[in-house]
Amino acid sequence: MLGHQPRKRFGQNFLVDPHYIARIVDAIAPAPGDNLVEIGPGLAALTAPLIARAGRLTAVEIDRDLAARLAADFPPERLTLHVADALAFDFPTLGERLRIVGNLPYNISSPLLFHLAQHASAIADVHVMLQKEVVARMAAAPATPDYGRLTVMLQATFRVTRLFVVPPGAFRPSPSVDSAVVRLVPLAAARPAIADARLFARTVAAAFGQRRKTLRNALAEICGADAIEAAGIDPGCRGETLAVADFVRLANRLALTTPGPAADAAPSPAPSSAAKSRRGPE
Ligand code: SAM
């Protein structure tokens, strides 16, 4: 890899196939003036063609060695480089209408998506490559096996569109799993109004905590069956049958009777069962 030893801990599988690189860049359709932000530019497989089309780009790279190479290869007026952990990066400091792109390290993909969701108001769109199975869960419809916590939490913020699959052979080193490119566009005005984000996250987590349970049982620690009924939802159904809008209605109904933000709510809504490793199925 041009003298760079790929680092497993940073999920380094570099894109090398020109066909897929071109397809991803075409899907992003960068234009001069776009506020492009790349997470994990690595060896610049996407960075270079993105800069060629947009003129300039901001990147967040955690690997100091790669950052030093990038700084040597691109002048600062073309590439603004932040040597930082994207999980802790304050994206709104980069301005508005951010167009976020990345061939993401799969081991941090879910927490990173939730981190981005918290900054959705600063984002125009997101194009990322992830493990194919994770993309299937992000874009899933209710009452399908892939529909779950990740789906509901992301679709409450973004319109999610699965674009295309990228095979392992497009990377060096090759991962053992297929990848897929996905587009997320913030719902903006169409976004459902969530009264209490923590209660919403807690309700969704509980509903999918044990998928086989009815809502009556799965939500027993949060509310009674009467509260579920009051939201117009059958307490005898399972969480996986509820649409995102149903979850919002239910959580908003619970917010009317639950005093203050749920004190024991999970600090991060990131599902623990989401993407674990680029190199192996979940
Ligand atoms: N974009 C390049 C490509 O497509 O070939 C590299 C993709 S590689 C899968 C993931 C990249 O993200 C690596 O450059 C890695 O060092 C970087 N990375 C890993 N964890 C990161 C983090 N927490 N914050 C920022 N960059 C990270």
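Given the structure is predicted, the values throughout are model-derived calculations rather than measurements.

Residues in close proximity to the ligand total 23 residues, the closest being L15, G40, E61, D85 and N103. Contacts to the ligand include P41, whose backbone N or O atom sits 3.4 Å from a nitrogen atom. If the ligand stood free it would expose 590 Å²; the protein chains cover 98% of that surface. Listing elements by their share of the shell around the ligand, those giving two or more residues are β1 (14–15) and β3 (57–61). Grouping the constituent residues of the shell around the ligand by class yields 12 nonpolar, 6 polar and 5 charged.

Further remarks concern unusual backbone geometry. With an omega of -15 degrees, the peptide bond running from R172 to P173 counts as cis. Relative to the elements of secondary structure, P173 occurs in the loop between β8 (171–172) and β9 (179–186). Although it is not a glycine, A44 adopts a positive phi angle of roughly 75 degrees. Counting through the fold element by element, A44 comes out in the loop between β2 (35–39) and α2 (47–54).

Let us look at the packing of helix α7 (residues 197–209) against helix α10 (residues 244–257). Contact geometry for α7 and α10: axes closest at 9 Å, N-to-C directions at 120 degrees. As judged from the angle between their axes, α7 and α10 are oblique. As for how α7 packs across α10, the hand of that crossing is right-handed. Each of L199, F200, T203, V204, A207 and F208 in α7 lies in contact with α10, whose residues at this interface are F247, V248, L250, A251, L254 and A255.

We now examine the pattern of salt bridges. All chains considered together, the criterion is met by 9 salt bridges. Across the salt bridge formed by R99 and D125, the nearest N and O atoms sit 2.9 Å from each other. Of this pair, R99 sits in strand β5 (residues 98–103) while D125 sits in strand β6 (residues 123–131), placing them 26 residues apart in sequence. One exposure class covers both R99 and D125, and it is buried. Taking the shortest distance from any N to any O, the salt bridge between E240 and R238 comes out at 3.3 Å. The exposure class of E240 is buried, given its relative accessible area of 16%. Put simply, R7, D63 and D65 are held in one network by salt bridges that share partners.

Attention now moves to helix α3 (residues 64–73). Residues L66, A67 and L70 constitute the buried set of α3. Along the long axis of α3, the arc covered by the buried residues comes to 100 degrees, so they all point the same way. Relative to its buried face, α3 has exposed residues pointing more than 90 degrees away, namely R64, A71 and A72. Those residues of α3 hidden inside the fold are in contact with β1, β3 and β4 (79–83). Two or three places before D65, at the start of α3, stands the capping residue D63, its side-chain oxygen 2.9 Å from that residue's backbone nitrogen.

Rules behind the numbers
- Residues numbered from 1 in each chain as written.
- Predicted model: local features only at pLDDT ≥ 70, side-chain atom pairs only at ≥ 80, totals over all residues.
- Heavy atoms only, no water.
- Near = heavy atom within 4 Å.
- Polar contact = N/O pair within 3.5 Å; in protein donor to acceptor, adjacent residues only side chain to side chain.
- Areas by Shrake-Rupley, 256 points an atom, 1.4 Å probe, with all protein chains shown as cover.
- Helix = DSSP H or I, 4+ residues; strand = E, 2+ residues; numbered from the N terminus.
- Nonpolar A, V, L, I, M, F, W, Y, C, P; charged D, E, K, R; others polar.
- Axes fitted to C-alpha atoms, helices over the stretch in contact; angles between N-to-C directions.
- Parallel < 35°, antiparallel > 145°, perpendicular 65-115°, else oblique.
- Left-handed = near helix turned anticlockwise from the far one by under 90°.
- Contact = heavy atoms within 4.5 Å.
- Salt bridge = Lys/Arg side-chain N within 4 Å of Asp/Glu carboxyl O.
- Buried < 20%, exposed > 50% of the residue type's maximum accessible area, 1.4 Å probe, protein only.
- Arc of directions from axis to C-beta.

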